[in-house]
Amino acid sequence: MDQPIANQKKYENYREQMGRLSKALKEHFYLEAIFIEYAILEDRLEAVLRHADHWHPKEGEHVSIDRKVRLVVKLAEEKTNPARRYFPAALTDAVLAWKNRRNGLIHALLKQELHSEDLLSVAEDGLALAKQMCSKATSHRRMLERMEKQKSTGKGVQEHE
């Protein structure tokens, strides 16, 4: 099973990929942008599950983005789980809809049915979703940390995000 990488390394990877993403969009390399956005979405979904202690794939198992989304949806359905606040159905549905649009474009790639406008639209929507998912995953992680601190100190959690 993949082990989580150190925080500093993760930060450096994200900084590099966000730079590549920005450059890809600026230079009209939409396929590269979409590729990076997909990777970010998968990683952030996995991070949500890891931090909530709901990430338990079998050794060597590939977990699809669909399954990751379903697991996050399941977390968000729990009334007392903070995921409920950060991952509403509108967001998880948007991730799946974007993934389906992306897959459609990938399958059209060699059939000459692909248009730059379609790629641009998917790339722009993917950027917005990736940014939103990064923000929500961070807020969710911080809330879980505050809740854990509350348990250890016996004080209440303040929800300000």
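Please refer to the structure higher up on the page.
Small disclaimer: the values here were computed from a predicted structure and weren't measured.

**Student:** I tried to follow the pattern of salt bridges on my own but got confused; where do I start?
**Tutor:** Oppositely charged side chains can pair when the atoms bearing their charge come close. Scanning all chains against the criterion turns up ten salt bridges. One salt bridge in this structure joins lysine 68 and glutamate 42, with 3.7 Å as the shortest N-O distance. Highlighted residues: lysine 68 in helix H3 (residues 65-77) and glutamate 42 in helix H2 (residues 30-51), separated in sequence by 26 residues. The buried category is assigned to lysine 68, whose relative accessible area is 5%. On the basis of relative accessibility, which here comes to 14%, the residue glutamate 42 falls in the buried class. A salt bridge links glutamate 46 to lysine 68; the nearest nitrogen and oxygen atoms lie 3.5 Å apart. Placement of glutamate 46 in helix H2 and of lysine 68 in helix H3 is noted, with a sequence separation of 22 residues between them. Linked by salt bridges that have partners in common, Glu42, Glu46, Arg50 and Lys68 make up one network.

**Student:** Got a minute to help me understand the environment of phenylalanine 87 in this structure?
**Tutor:** By the secondary structure assignment, phenylalanine 87 is in the loop between helix H4 (83-86) and helix H5 (89-108). For the pair phenylalanine 87 and isoleucine 106, spaced 19 residues apart in the sequence, the C-alpha separation amounts to 27 Å. With residues near it in sequence (within four places) discarded, phenylalanine 87 still touches Val48, Val72, Ala76, Thr92, Met133, Lys136, Ala137 and His140.

**Student:** Explain the packing of H5 against helix H6 (residues 116-153) to me, please; I cannot follow it from the model alone.
**Tutor:** Axis separation between H5 and H6 bottoms out at 10 Å; the angle between their running directions is 145 degrees. Regarding H5 and H6, the two cross each other, and that crossing is left-handed. Contacts from Leu91, Ala94, Val95, Trp98, Arg101, Arg102 and Leu105 of H5 reach H6 at Asp118, Leu119, Ser121, Val122, Asp125, Gly126, Leu129, Gln132, Met133 and Lys136. Partitioned by chemical class, the residues of the contact of H5 with H6 number nine nonpolar, three polar and five charged.

**Student:** Please clarify how unusual backbone geometry should be interpreted in this entry.
**Tutor:** Negative phi is the rule for most residues except glycine; trans is the rule for most peptide bonds. The phi dihedral of histidine 28 is positive, around 70 degrees, even though this residue is not glycine. Phi at aspartate 53 takes a positive value of approximately 55 degrees, unusual for a residue other than glycine. Within the secondary structure layout, aspartate 53 lies in the loop between H2 and H3. Looking at aspartate 53, the relative accessible area reads 55%, which means it is exposed.

Conventions used here
- Residues numbered from 1 in each chain as written.
- Predicted model: local features only at pLDDT ≥ 70, side-chain atom pairs only at ≥ 80, totals over all residues.
- Heavy atoms only, no water.
- Salt bridge = Lys/Arg side-chain N within 4 Å of Asp/Glu carboxyl O.
- Helix = DSSP H or I, 4+ residues; strand = E, 2+ residues; numbered from the N terminus.
- Buried < 20%, exposed > 50% of the residue type's maximum accessible area, 1.4 Å probe, protein only.
- Contact = heavy atoms within 4.5 Å.
- Axes fitted to C-alpha atoms, helices over the stretch in contact; angles between N-to-C directions.
- Left-handed = near helix turned anticlockwise from the far one by under 90°.
- Nonpolar A, V, L, I, M, F, W, Y, C, P; charged D, E, K, R; others polar.

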